[in-house]
Amino acid sequence: MKTILNYMNGELTPPAGGRYLDNEDPSTGKVYSRCPDSGAEDIERAVAAAEAAFPAWSNTSAEMRGRVMSRIADLIEANLDPLAEAECIDNGKPITLARKVDIPRAAANFRFFAGAIQHAASEAHMTDGLALNYTQRRPRGVAGLISPWNLPLYLLTWKVAPAIATGNTAVAKPSEVTPMTAFLLSQLCTEAGLPPGVLNVVHGRGPAAGAALVAHPRVPTISFTGGTVTGAAIASTCAPMFKRLSLELGGKNPNVIFADADLDQAVATSMRSSFANQGQICLCGSRILVERPAFEPFVARLVEGASKLSAGDPLDPATEHGALVSRPHMEKVLACIEVARREGGEILCGGRRVQPPGQRCAGGYFIAPTVITGLGPSCRTNQEEIFGPVVTVAPFDDEQEAVASANETRYGLSATVWTRDLARAHRVAGAIQSGTVWVNCWLLRDLRVPFGGMKHSGLGREGGEDSMRFFTEPKNVCIGMR
Ligand code: NAD
């Protein structure tokens, strides 16, 4: 059995308390590795290592920081296959998805911020010939980075890269459900020559290691991606300590499809936006709203596609639909489907646990792609995040109704709009309350754009300039000129 270790001060280190958690392969239900069950003592050691590394790293030139980060990106690319396999076994996602999306995007995160820091500019303001103001942006010290299980390496590196590019040092706490790629990354960081203590990775449960990191008095910056309930608990710890906090939280994203849309594209992309990674992407659309004239043909084609999307062994490159991440998560999603049934929803396909062909995955946590209809916008199924391969479909009669339904949740992470009417696309994109609106596409990302959620989907924005500002402290220097 593989043993995952913490990464502190450049060394792989067992947890202080000697306790470990079992790590299951969700496609088989079998334990295949164990990961540290770290606590406050480990966080203290990691923070001390990060503090000790801060003076030298924050004074290292941007060029040198960028070089080390580019080497990390090179090594991630060179290790594409082992990293993709590790993520597939840890998470249950199809290996082809890990190979094509998660791992290349993790490398892209390091490469992007390695370059971005070379081009960072700061502002200067001349005050009527009286004074010159300019802004210094300094790294803030030790950053605490907490990430979820759904895109483990991609979302972890999305935080690590801007934090260390801007001269901070970091303590990362990856999800205890999927720790393996963060462990492999720590080894690549050593190989790339990242100085000891610049990045420290502490594995363990959220309420233990995660909470200790959030509450640590010498960690002034916390960047968190995960569930809304966890985000609220973290915010309540950070607020009285005046920490800088970024929260990327849950979603209940609408897909709004007008009758004039290119239906072929809308169906094909809605298949992906509903079921990619078994619906376990925060940006998946889970409420599909279709203008009435297109409703029947759209739903018929979606159901046909979803019924053909059969579960397979995630390690098979041909598999498109893998396992859910864990037994508790599978049970939560099945319970949500039961709620939908009780609310009067009609299950058009899926709605149950399935088993892929072959013996290897006989004990795995698979749910068939599920499409539900007959539910109004205010029921629980359309209000609560399910985070699985489950979507609802409902008709609407006009633009006003579509926007009202789209906005009728406490979340506001992302949305997609499908129409050929340019003016309507702009109008509806402006009216939907979400941090990202994709028009006639989904999941296209430009790392320069602000990314984050409105309402209960988050606080602050990540991406390009926003991330670099988040991890730095602006200071105005005013020079009198008379
Ligand atoms: P989660 O909130 O349970 O856990 C996320 C991380 O927080 C884990 O590392 C966990 O150990 C840690 N944690 C848990 N309790 C903690 C506490 N009290 N203090 C500190 N840390 C704690 O979320 P999850 O189940 O891992 O991930 C799924 C959720 O993440 C979904 O709601 C999804 O929408 C959301 N998500 C959001 C985005 C986004 O960009 N907005 C991206 C991916 C996932």
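Computed from a predicted structure; not experimentally measured.

S.K.: Tell me about the nonpolar core, and please be specific about residues and values.
M.R.: Judged by nonpolar contacts, the single largest core of 64 residues is most densely connected at I76, F110, I164, L185, L194, L199 and L283. Among the elements that line this core, the one with the most residues is helix α5 (residues 152–165), at ten residues. Taken domain by domain, the makeup of this core includes at least three residues from each of domain 1 (2–249 + 457–480) and domain 2 (253–446). Excluding anything up to four places from it in sequence, L283 contacts N253, L413, S414, W438, W442, L443 and F451. Listed in part, the 22 residues of the second largest apolar core include A261, F275, I288 and A294.

S.K.: Just give me the short version of the domain arrangement of the protein, but keep the residues and values in it.
M.R.: Under the domain assignment used here, the protein contains domain 1 (2–249 + 457–480) and domain 2 (253–446). Relative placement of domain 1 and domain 2: their C-alpha centres are 30 Å apart. Of all residues in domain 1, S27, W149 and S457 bury the most surface against domain 2, accounting for 22% of the area lost on that side. Between the two partners, domain 1 and domain 2, sit one salt bridge. In this structure, the salt-bridge partner of D25 is R360, at a minimum N-O distance of 3.7 Å.

S.K.: Can you break down the sheet that holds strand β1 (residues 2–3) residue by residue, with the values?
M.R.: Spatially, the three strands line up as an open sheet ordered β1-β5-β4, and their pairing is mixed. Edge positions in the sheet fall to β1 and β4 (20–25), since each has one partner strand and no second.

S.K.: Help me get a handle on the site of the ligand, residues and values and all.
M.R.: Contacts to the ligand come from 28 residues, most closely from K173, E176, T230, L249 and E385. With respect to the ligand, the side chain of T230 contributes an N or O atom lying 2.6 Å from an oxygen atom. Alone, the ligand offers 840 Å² of accessible surface; in the complex the protein occludes 87% of this. Among the elements that take part in the shell around the ligand, helix α7 (residues 206–215) stands out by supplying four residues, more than any other. In terms of residue class, the shell around the ligand is built from 14 nonpolar, ten polar and four charged. When residues of the shell around the ligand are assigned to domains, at least three fall in each of domain 1 (2–249 + 457–480) and domain 2 (253–446).

S.K.: Residues and numbers for the packing of aromatic side chains, please.
M.R.: Taken as a whole, this structure holds five aromatic pairs when the rule is applied. With 6.0 Å between their ring centres and 55 degrees between their planes, F113 and W158 make a pair best called tilted. Taken as a pair, F113 in helix α4 (residues 95–116) and W158 in helix α5 lie far apart in primary sequence, 45 residues in all. By the burial criterion, F113 is buried, and W158 matches it. For the ring pair F258 and F396, a centre distance of 5.3 Å and an interplane angle of 80 degrees mean the geometry is edge-to-face.

S.K.: Quick one: what's the story with the side chain of N407, residue by residue and with numbers?
M.R.: Within the secondary structure layout, N407 lies in the loop between α13 (399–406) and β20 (411–412). By relative accessible area, which is 16% here, N407 ends up buried. Engagement of the side chain of N407 in a polar contact is seen with the backbone nitrogen of Q433, the distance being 2.8 Å. Residue contacts for N407: discarding those within four places in its chain leaves A431, I432, Q433 and K455.

S.K.: For the sheet that holds strand β25 (residues 472–480), give the residues involved together with the corresponding values.
M.R.: Remark on secondary structure: sheet strands pair via backbone hydrogen bonds, oriented parallel or antiparallel. Sheet architecture is open: three strands sit in the order β6-β7-β25, paired in antiparallel fashion. On the outer flanks of this sheet lie β6 (124–127) and β25, each paired with one strand and no other. Mean inter-strand twist for the sheet, computed between neighbouring axes without regard to direction, equals 25 degrees.

S.K.: Give a description of unusual backbone geometry that names residues and reports values.
M.R.: Within the chain, D128 stands out as a residue other than glycine whose phi angle is a positive 50 degrees. Relative to the helices and strands, D128 is located in the loop between β6 and β7 (131–139). Even without being a glycine, N440 presents a positive backbone phi close to 55 degrees. Residue position: N440 is located in the loop between β22 (436–439) and β23 (454–455).

S.K.: Talk me through the side chain of S434; I want residue IDs and the actual numbers.
M.R.: Tracing the chain through its elements places S434 in the loop between α14 (422–431) and β22. Of the polar contacts made by the side chain of S434, one reaches the backbone oxygen of T436; its length is 3.0 Å. Setting aside its immediate chain neighbours within four residues, S434 contacts G412, L413, S414, A415 and M454.

S.K.: Explain the environment of R420 to me, and be specific about the residues and the numbers.
M.R.: Mapped onto the secondary structure, R420 falls in the loop between β21 (414–418) and α14. Distance in space between the C-alpha atoms of R420 and A215 is 50 Å, their sequence separation being 205 residues. Dropping the residues within four chain positions of it, R420 is found in contact with D260, A261 and D262.

S.K.: Mind laying out the packing of helix α3 (residues 80–91) against α4, listing which residues take part and the relevant values?
M.R.: The interhelical angle for the contact between α3 and α4, taken along N-to-C directions, is 115 degrees, at an axis separation of 9 Å. For the element pair α3 / α4, the angle class is roughly perpendicular. Classified by chirality, the crossing of α4 by α3 is right-handed. The residues of α4 that touch α3, namely those facing L80, D81, L83, A84, E85, E87 and C88, are I95, A98, R99, D102, I103 and P104.

Calculation criteria
- Residues numbered from 1 in each chain as written.
- Predicted model: local features only at pLDDT ≥ 70, side-chain atom pairs only at ≥ 80, totals over all residues.
- Heavy atoms only, no water.
- Core = buried A, V, L, I, M, F, W, Y, C linked by side-chain atoms within 4.5 Å.
- Buried < 20%, exposed > 50% of the residue type's maximum accessible area, 1.4 Å probe, protein only.
- Helix = DSSP H or I, 4+ residues; strand = E, 2+ residues; numbered from the N terminus.
- Domains from an automatic or database assignment.
- Contact = heavy atoms within 4.5 Å.
- Buried area = accessible area lost by both parts, 1.4 Å probe.
- Salt bridge = Lys/Arg side-chain N within 4 Å of Asp/Glu carboxyl O.
- Pairing = 2+ DSSP bridges.
- Near = heavy atom within 4 Å.
- Polar contact = N/O pair within 3.5 Å; in protein donor to acceptor, adjacent residues only side chain to side chain.
- Areas by Shrake-Rupley, 256 points an atom, 1.4 Å probe, with all protein chains shown as cover.
- Nonpolar A, V, L, I, M, F, W, Y, C, P; charged D, E, K, R; others polar.
- Phe/Tyr/Trp six-rings, centres within 6.5 Å; stacked < 30°, edge-to-face > 60°.
- Axes fitted to C-alpha atoms, helices over the stretch in contact; angles between N-to-C directions.
- Parallel < 35°, antiparallel > 145°, perpendicular 65-115°, else oblique.
- Left-handed = near helix turned anticlockwise from the far one by under 90°.

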